Amino acid sequence: MNRSVRPATSSRLLLAAALGLSLVLAACAKGGKEEAAGEAAGETRSGRPGGKPGAADPVPVEVVPATTRRIAARYTGTANLEVPADAQVVAKTSGVLLRVFVEEGDPVRAGQVLAQLDPERPRLELARAEATLRRLESNFARSKELFERKLVSAEANEQLRYEYESAKAAYELAKLELSYTTITAPISGVVAQRLAKPGNLITVNAPLYRIVDNSRLEAVLNVPERELATMRPGLPIRMAVDALPGQAFEGVVDRVSPVVDSQTGTFRVVGVFRDQPQLRPGMFGRLAIVYDEREAALTVPREALAESAGESAVFVVKDGRAERRVLRLGYVNGEYAEVLEGLAPGEPVVTQGRIAVRDGVPVEVLNAAALAAKGAVAGSDATTP
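Residues numbered from 1 in each chain as written. Predicted model: local features only at pLDDT ≥ 70, side-chain atom pairs only at ≥ 80, totals over all residues. Heavy atoms only, no water.

J.: How should I be thinking about the overall build of the chain in this particular structure?
T.: For the chain, the helix and strand inventory stands at four helices and 21 strands. When each of the 385 residues of the chain is scored for burial, the buried share is 32%. Partitioning the intrachain contacts of the chain with sequence separation of at least 6 by distance along the chain shows that 73% fall at a separation of at least 24. Split by element, the accessible area of the chain, about 23,500 Å² in all, is 53% carbon and sulfur. (Helix = DSSP H or I, 4+ residues; strand = E, 2+ residues; numbered from the N terminus. Buried < 20%, exposed > 50% of the residue type's maximum accessible area, 1.4 Å probe, protein only. Contact = heavy atoms within 4.5 Å. Areas by Shrake-Rupley, 256 points an atom, 1.4 Å probe, with all protein chains shown as cover.)

Given below as structure tokens:
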């Protein structure tokens with residue numbers, strides 16, 4: 001009895017195992033089909049045309065056309081304005097300062113009286129020297145007459161002549177000392193400082209005034225030696241100063257040093273600004289020396305340039321995609337760069353959004369309508385196909 005039951009039980013177990021395995025295989029096959037169907041449906045829902053896998057969204061950019069304009073090659077730098085004619089007026093004699101005739105800010109001419117020292121003592125010294133001179137002049141004249149008549153010796157006559165000439169020099173010196181009590185301007189200009197007050201006892205070489213000639217101001221630039229061939233006297237200079245925003249001042253290069261400083265690798269360039277009363281000595285200026293100009297140069301904005309591995313390139317929008325162009329540049333100033341090779345007039349170059357752009361990627365030009373309205377770029381409203 002027991003032997004007949006065992007074969008039947010083994011058959012049932014084998015049948016159950018086969019049935020379970022078939023169910024597992026069927027479930028796996030069904031799951032794979034659903035996953036594939038879901039992925040296909042997801043690609044269709046993504047909105048990519050034709051369900052192409054890997055299609056990228058267009059990069060939004062703004063462009064400007066390459067245009068011809070006047071461009072100037074310039075060197076820019078900063079300097080403080082200086083006055084080459086800066087005179088310190090000092091006392092050449094001592095005395096009490098009686099009067100001052102000019103104050104700070106007053107214009108003066110060379111030789112104009114600025115102040116007066118007490119002249120009484122020098123005047124008395126001059127009177128004494130004059131009296132001595134007259135006495136010795138009379139004595140020398142009488143001695144000369146007697147010498148011609150052989151009544152005095154030549155030695156005595158020569159002694160009187162020396163005394164007379166010494167007295168004459170003393171008289172001239174006393175007259176000069178008296179003239180020093182009247183303080184005059186050595187140069188024409190403007191009184192920058194008054195350094196003494198009436199009633200002060202003034203000693204020799206004591207400073208009284210400072211006069212500057214601000215009709216001619218200079219700006220000294222230390223220019224790198226690579227610019228030595230471009231700098232020359234007579235070049236125009238355009239300057240802006242922080243104290244007078246919105247104004248530009250014109251000057252010229254006056255002198256160029258032929259020597260390069262071995263310590264700094266620079267040379268001095270001196271610019272001159274004449275007859276511009278708004279400018280003051282000591283002002284801080286930002287200068288641009290224009291050493292060449294081109295009237296009709298093909299240019300692009302500097303913000304469109306991409307510098308890499310010593311190359312200058314831009315991205316041009318063509319048929320809805322970005323195309324990298326390597327350029328050969330000419331002059332570059334603060335806003336624009338001259339293009340010598342690599343670009344045609346009117347081609348749209350990417351300015352905004354350039355960092356996210358790569359060669360060949362699709363782009364969307366955000367300002368295409370505005371450019372088309374201006375007629376600046378034909379067909380630049382590129383979109384992804």
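From this point, things continue past the structure.
J.: Whenever I open this one, the side chain of Glu-218 confuses me. Can you help?
T.: The residue Glu-218 is located in strand β11 (residues 216-224) in this model. Owing to a relative accessible area of 8%, Glu-218 belongs among the buried residues under this scheme. A distance of 3.2 Å separates polar atoms of two side chains, one belonging to Glu-218 and the other to Arg-216. There is a polar contact of 3.3 Å between the side chain of Glu-218 and the side chain of Arg-255. Beyond its immediate stretch of four places on either side in the chain, Glu-218 contacts Asn-80, Leu-81, Glu-82, Pro-84, Arg-255, Val-270, Gly-271 and Val-272. (Polar contact = N/O pair within 3.5 Å; in protein donor to acceptor, adjacent residues only side chain to side chain.)

J.: Whenever I open this one, the sheet that holds strand β10 (residues 207-212) confuses me. Can you help?
T.: Strand pairing in a sheet takes place through backbone hydrogen bonds and is either antiparallel or parallel in direction. Ordered by their spatial adjacency, four strands build an open sheet running β3-β10-β8-β5, and the pairing between neighbours is antiparallel. In this open sheet, the two strands that pair with only one neighbour each are β3 (86-90) and β5 (107-108). As paired elements, β5 and strand β8 (residues 189-194) share two bridges and run antiparallel to each other. Bridge pairing links Val-108 to Gly-189 in β8. (Pairing = 2+ DSSP bridges.)

J.: Could you clarify how one ought to interpret a nonpolar patch on the surface in this entry?
T.: Taken together, the side chains of Val-96, Leu-98 and Leu-201 make up a nonpolar region of the molecular surface, amounting to roughly 270 Å² of accessible area. Take Leu-201: it is sitting in strand β9 (residues 201-202). (Patch = residues over 30% accessible without salt bridge, like charges linked within 9 Å, V, L, I, M, F, W, Y side chains within 5 Å. Salt bridge = Lys/Arg side-chain N within 4 Å of Asp/Glu carboxyl O.)

J.: Help me out: how do you make sense of the pattern of salt bridges in this one?
T.: Any two side chains of opposite charge can pair, so long as their charged atoms come close to each other. Under the criterion given, the structure shown has 22 salt bridges. With a shortest N-O distance of 3.8 Å, Arg-70 and Glu-295 are connected by a salt bridge. Separated by 225 residues along the polypeptide, Arg-70 in strand β2 (residues 67-82) and Glu-295 in strand β15 (residues 284-301) bring together distant segments of the chain. We note that Arg-70, like Glu-295, is exposed. A network of salt bridges, in which partner residues are shared, links Arg-216, Glu-218, Asp-254 and Arg-255.

J.: Would you mind going over the packing of helix α2 (residues 120-148) against helix α3 (residues 154-180) with me for this structure?
T.: When two helices pack together, their arrangement is given by the angle between their axes and by how far apart the axes lie. At a closest axis distance of 8 Å, the pairing of α2 and α3 adopts a crossing angle of 160°. It follows that α2 is roughly antiparallel to α3 by the angle criterion. α2 and α3 meet at a crossing whose hand is left-handed. A breakdown of the residues in the contact of α2 with α3 according to their chemical character gives 16 nonpolar, four polar and 10 charged. (Axes fitted to C-alpha atoms, helices over the stretch in contact; angles between N-to-C directions. Parallel < 35°, antiparallel > 145°, perpendicular 65-115°, else oblique. Left-handed = near helix turned anticlockwise from the far one by under 90°. Nonpolar A, V, L, I, M, F, W, Y, C, P; charged D, E, K, R; others polar.)

J.: Would you take a moment to explain the environment of Gly-199 for this structure?
T.: Counting through the fold element by element, Gly-199 comes out in the loop between β8 and β9. Relative accessible area serves as the criterion here: at 53%, Gly-199 is assigned to the exposed category. In this structure, the C-alpha to C-alpha distance between Gly-199 and Leu-117, residues 82 residues apart in sequence, is 9.3 Å. If we skip the residues at most four places from it in the chain, Gly-199 touches Val-96 and Leu-97.

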